[in-house]
Amino acid sequence: MKFHSDLFGWEYVWRNFADEKGGRAVTDSGEDEGKLTMLSIPVEGTGVRVMFLPEARHGKKATSNSVLVCYPPACDFAFSIFQEKVHHQLGKALGMQDLQVQDELFDGKFMIQGTSPAKVKELFLDVQLRELILLQAPTLLHIDTKAAKSYPKLGIPADVHAVVYQYDEVMDKLHQLQTAYDVVVAVLQQLGAIGAISGVEAVAIDEEATELQTESHPKRLRSPLLDR
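Residues numbered from 1 in each chain as written. Predicted model: local features only at pLDDT ≥ 70, side-chain atom pairs only at ≥ 80, totals over all residues. Heavy atoms only, no water.

## Examining the environment of M51
The following threshold applies: Helix and strand assignments come from DSSP, with helices taken as H or I runs of at least 4 residues and strands as E runs of at least 2, each series counted from the N terminus. Using a 1.4 Å probe on the protein chains alone, a residue whose accessible area is under 20% of its type maximum counts as buried, one over 50% counts as exposed, and one in between counts as partly exposed.
On the secondary structure map, M51 appears in strand β3 (residues 49–58). For M51, a relative accessible area of 2% puts it in the buried group. C-alpha of M51 to C-alpha of V69: the two residues are 18 residues apart in sequence and 6.4 Å apart in space.

Structure follows, in structure tokens:
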């Protein structure tokens, strides 16, 4: 996979991921040859779409990426997880919130904050979710209660929240994209399980609004050497 990303750039891998998942690649020009600005990937069996946004670039690499999925909230519950650093020790000594989920490895790696400690613990009872997060530790994983303001180009309704997985490193391998996708979908499922989503299932935001006014179908990029 590194051979492909180095030779063709990160966009090659992202477009292949969209192709595999039955999603769409959106470009700045609306043409296949335009610069990639977003992937819109469906969650099978639902009306939900996961969006991949390359937010900063260095040469051919996207060095800051956000992966998000929107949902109608049933309450104001929010949480955030970020990797614990040395300077956070002082913050905790001064009363900075750091919730524990009774998983020594997980608790030792991440700072966990939330509006409801009970719901945070319930959310992360899911072992598979914790393992996914540990597999590819995000820079920040959180619920954005003001997603409409954070991502104005996506046309997100003001009353919609978003699960956001931020990864401030190069994401140019299929397994990295898949893990990020799996994390936000797993969080969404858990939010539904703990009653934080309005209705039985999360609903998709307006698809036309999320196309940034331009849409490009993913190129059919295939290679027998491409890692699956």
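## Re the packing of aromatic side chains
What counts here: Each Phe, Tyr or Trp ring (for Trp, its six-membered ring) is paired with any other whose centre lies within 6.5 Å, and the angle between the two planes then decides the class: stacked below 30 degrees, edge-to-face above 60, tilted in between.
For the coordinates displayed, the defined rule picks out nine aromatic pairs. A centroid spacing of 5.0 Å and a plane angle of 50° characterise the contact between F106 and F110, whose relative ring orientation is tilted. Comparing F106 with F110, the two get one shared label, buried. Relative to F124, the ring of F106 lies with its centre 5.7 Å away and its plane at 40°, an arrangement referred to as tilted. Here F106 is found in helix α4 (residues 104–109), whereas its partner F124 is found in the loop between α5 (117–123) and α6 (127–135), with 18 residues between them in sequence. Clustering of aromatic rings is evident, with ring pairs tying together W10, W14, F17, F52 and Y181.

## Looking at the pattern of salt bridges
Put simply, the rule is: Take a side-chain nitrogen of Lys or Arg and a carboxyl oxygen of Asp or Glu: if they are within 4 Å of each other, that pair is a salt bridge.
A complete count under the given rule lists three salt bridges for this structure. Across the salt bridge formed by E11 and R15, the nearest N and O atoms sit 3.6 Å from each other. Taken together, the residues E11 and R15, both in helix α2 (residues 10–21) and four residues apart, mark about one turn of the helix. Relative accessible area serves as the criterion here: at 3%, R15 is assigned to the buried category. One salt bridge in this structure joins R130 and D103, with 2.7 Å as the shortest N-O distance. Residue R130 is located in helix α6, and its partner D103 is located in the loop between α3 (88–93) and α4; the two are separated by 27 residues in the primary sequence. For R130, a relative accessible area of 12% gives the class buried.

None of this, on its own, says anything about what the molecule does.
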